[in-house]
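# Architecture at a glance
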Amino acid sequence: MAQFNYTALSRDGAKVSGMIEGFDELDAARRIKENCDVILKISPVKVREGGLLSLDLSANKLNARAFSVMCSQFAIILDSGIPIARAVHLVAEKTTDKNLSRVVKAVASDVEGGRSLSAAFADHGEKLLPITFIETIRAGEATGNLSRSFKTLQEQYEKQNETRKKVKSALSYPIFILIVAFGVVVFLMVKVVPSFTAIFADLGAELPGITKLLIAISDFFRKDTLFLIAGFLFIFFCFKLYGSNEKGKLNLSKASLKVPVLGKIRELSSASEFAHTMAAMMGAGLTMDRSISITAKVISNYYLSKQTELVSKQLEAGRSLGSSMRDLTDYPDILVEMTAVGESSGEMEKTLSTIGNFYDSELDEATQSALAKLEPTILIFIAGIAGFIVIAIYLAMFGMYSAIG
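What counts and how
- For every chain, the first residue of its written sequence is number 1, and the numbers climb from 1 along that sequence.
- With the structure being a predicted model, the display of local features is reserved for residues of pLDDT at least 70 and the display and counting of side-chain atom pairs for 80 or more, all residues being used for whole-chain, interface and lining totals.
- Side-chain metrics in this entry use all non-hydrogen atoms of the structure; hydrogen atoms and water are not considered.
- Helix numbering and strand numbering both begin at the N terminus, where a helix is a DSSP run of H or I of at least 4 residues and a strand a DSSP run of E of at least 2.
- Radius of gyration here uses only the C-alpha atoms, and the compact-globule reference equals 2.2 Å multiplied by the residue count raised to the power 0.38.
- Whether two residues are in contact is decided by their heavy atoms: any pair within 4.5 Å suffices.
- Per-residue and other accessible areas were derived by the Shrake-Rupley procedure at a 1.4 Å probe size, with only the shown protein chains allowed to occlude residues.
- By the counting rule applied here, Lys and Arg register as positive and Asp and Glu as negative, while His and the ends of each chain are not counted.
- To locate a charge, take atom NZ for lysine, CZ for arginine, CG for aspartate or CD for glutamate.
- Detection works on a 1 Å grid of protein atoms alone, calling trapped sets that fit a 1.4 Å probe cavities and calling open sets with protein on both sides within 12 Å along at least five of seven lines pockets, with lining residues defined by an atom within 4 Å of a point.
- Grid points are joined across faces, edges and corners, and a volume is the space filled by probe spheres set on the points.
- Under the convention adopted here, Pro, Cys and the residues Ala, Val, Leu, Ile, Met, Phe, Trp and Tyr are nonpolar, Asp, Glu, Lys and Arg are charged, and Gly plus all remaining residues are polar.
- Here the term buried applies to any residue with accessible area under 20% of the maximum for its type, exposed to any over 50%, and partly exposed to those in between, with areas from a 1.4 Å probe on protein chains only.
- Here a pair means two rings of Phe, Tyr or Trp (six-membered ring of Trp) with centres within 6.5 Å. Their orientation is stacked below 30 degrees between planes, edge-to-face above 60, and tilted elsewhere.
- For a lysine, the NZ atom is tested; for an arginine, the CZ atom; a charge sits over a ring if that atom is within 6 Å of the ring centre and within 35 degrees of the ring normal.
- The convention used is that axes are lines fitted to C-alpha atoms, helices contributing only their stretch in contact, and that angles between N-to-C directions extend from 0 to 180 degrees.
- To sort the angles, those under 35 degrees are grouped as roughly parallel, those over 145 as roughly antiparallel, those from 65 to 115 as roughly perpendicular, and the leftovers as oblique.
- In a left-handed crossing the near helix is turned counterclockwise from the far helix by less than a right angle, and in a right-handed crossing that turn is clockwise.

Quick look at the overall build of the protein chain now. Helix and strand counts for the protein chain come out as 16 helices and 3 strands. Computed over the C-alpha atoms, the radius of gyration of the protein chain is 31 Å, more than 25% above the 22 Å expected from 2.2 N^0.38 for a compact globule of 405 residues. Expressed as lengths along the three principal axes of its C-alpha atoms, the size of the protein chain is roughly 115 × 60 × 40 Å. Taking as baseline every contact in the protein chain between residues at least 6 positions apart, the subset at least 24 positions apart corresponds to 59%. Of the roughly 22,900 Å² of accessible surface on the protein chain, 61% is carried by carbon and sulfur atoms. Here the protein chain carries 44 positive and 43 negative side-chain charges, and the mean point of each set is 4 Å from the other.

What follows is the structure in structure tokens.
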């Protein structure tokens, strides 16, 4: 609840001042009116910032694992028949993640005061919690089956977290190798090659072209490293600036789907997100157009997210989901056709859940395939650089030995 300072006239005409809690200004005014006839002034209490040292850098970061566990706790506790207000207090006590704990404790206070669970979560967790969570809880309240809603959320986020963890784990190794390889190359060019360059200069022999090229590259790394870093930073900020406006963000996210190997992974990931989110929303009892609208906000690829929003608008205009999806050329054909089948058969939730599991499997296979191609490519790249350095040095040494002989 928020806090408000107020000045009012009591029933006997005396002027009183104080502070009161309320969900909003109207709720606070209603509470003041219980003891006072006239409200002269009411204003929210300003929370003082604690400065730089008090900043919590993880204040808006959701711990995916803790969030999934929280959904599971809600499902189990509510399924046992415990009243909702008591259930929220129990979950608040058991939640170990500090961000979630802060939100759930605030929600517990609101629910105890008579507010709905979805409204309390929407107010206190708007910047932390995903929109699918709020909407699923709201649907659960409308149907009277909150425990099922939390169970659906738990299953959805466990699948989502598992898929993201697999992709992240699979891609972390080649990224690490690339960083190490770059570091080794820089070390060779800055420390090792210059020592040979000094020897070649002392002998004064004519150097082969490949050795001259190696020395030129080494000199660039030693003398112009700052320009190299500045160049990378300039390119990075140009991309960031271009991606900060609507057109640039759309073009970059669309282009990311065309990148060899990685583009396929992004496409499969978005298809999985679409299928699982739609299945969860339909299972929670939301209408199809509302489910599509929420799903559009969940899709990680911005271009596909905006394309999905168009489907929502077409549904509002009276078109079927299947025909609207067929206008989208960047979603996999199987997803589009299976969505249309689910719609026509009346088993949308089951069909989408099945196709979501299929794309999870496809995503896992595509990631492993990308690694199988990427790892030897990195090794060949490193071997090529090492071979170039060795050949350049040995050719120069052989040339000097021949000249001496």
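Here the focus is the layout of surface pockets. To find leftover empty space, one rolls a probe the size of a water molecule over the atoms. One number sums up the size of the largest pocket: a volume of about 510 Å³. Lining the largest pocket are 19 residues, with A64, Y157, Q160, N161 and R164 positioned closest to its centre. For the lining of the largest pocket, the leading source of residues is helix α7 (residues 146-203), giving 9 residues. Taken together, the residues of the lining of the largest pocket sort by class into 7 nonpolar, 6 polar and 6 charged.

Next up on the list: empty space enclosed by the protein. Counted by the stated rule, this structure contains 1 cavity of 30 Å³ or more. Its boundaries defined by the atoms lining it, the largest cavity holds a volume of some 110 Å³. Lining the largest cavity, in full, are Q156, K159, Q160, T163, R164, S269, S272, E273, H276, T277 and D360. Contributing elements (two or more residues each) for the lining of the largest cavity: α7 and α11 (262-283). Within the lining of the largest cavity, the residues separate by chemical class into no nonpolar, 7 polar and 4 charged.

Let us look at helix α3 (residues 84-94). Within α3 the residues assigned to the buried category are A87, V88, L90, V91 and A92. At its buried positions, α3 is contacted by α2 (64-79), α4 (98-112) and α5 (117-124).

Throughout the structure, instances matching the rule amount to 9 aromatic pairs. Ring geometry for F74 and F150: centres 4.4 Å apart, planes at 10 degrees, overall stacked. On the criterion of sequence distance, the pair formed by F74 in helix α2 and F150 in helix α7 is long-range, its members being 76 residues apart. One exposure class covers both F74 and F150, and it is buried. Grouping aromatic residues by their ring pairs yields a cluster made of F67, F74, F121, F133, F150 and Y157. Directly above the ring of Y302 sits K249, whose terminal nitrogen or CZ lies 4.4 Å from the centroid.

Here we come to the environment of K127. Within the secondary structure, K127 is located in the loop between α5 and α6 (131-143). Looking at K127, the relative accessible area reads 71%, which means it is exposed. Spatially, the C-alpha atom of K127 lies 8.9 Å from that of K61, the residues being 66 residues apart in sequence.

What follows covers the packing of α4 against α5. Closest axis-to-axis distance for the α4/α5 pair is 9 Å, and the angle between their directions is 140 degrees. Judged by the angle between their axes, α4 and α5 are oblique. Where α4 crosses over α5, the handedness of that crossing is right-handed. For the pair α4 and α5, contact is made by V103, V104, A106, V107, D110 and V111 and by L117, A120, F121, D123 and H124, respectively. Tallied by class, residues from the contact of α4 with α5 come to 8 nonpolar, 1 polar and 2 charged.

Our focus in this paragraph is the packing of helix α12 (residues 288-298) against helix α13 (residues 302-316). Where α12 contacts α13, the axes come no closer than 8 Å and their chain directions differ by 165 degrees. Accordingly, the angle class assigned to the pair α12 and α13 is roughly antiparallel. Crossing of α12 against α13: the hand is left-handed. Two secondary-structure elements touch here, α12 through M288, D289, I292, S293, A296 and K297 and α13 through S305, T308, E309, V311, S312, L315 and E316. Its residues assigned to classes, the contact of α12 with α13 comprises 5 nonpolar, 4 polar and 4 charged.

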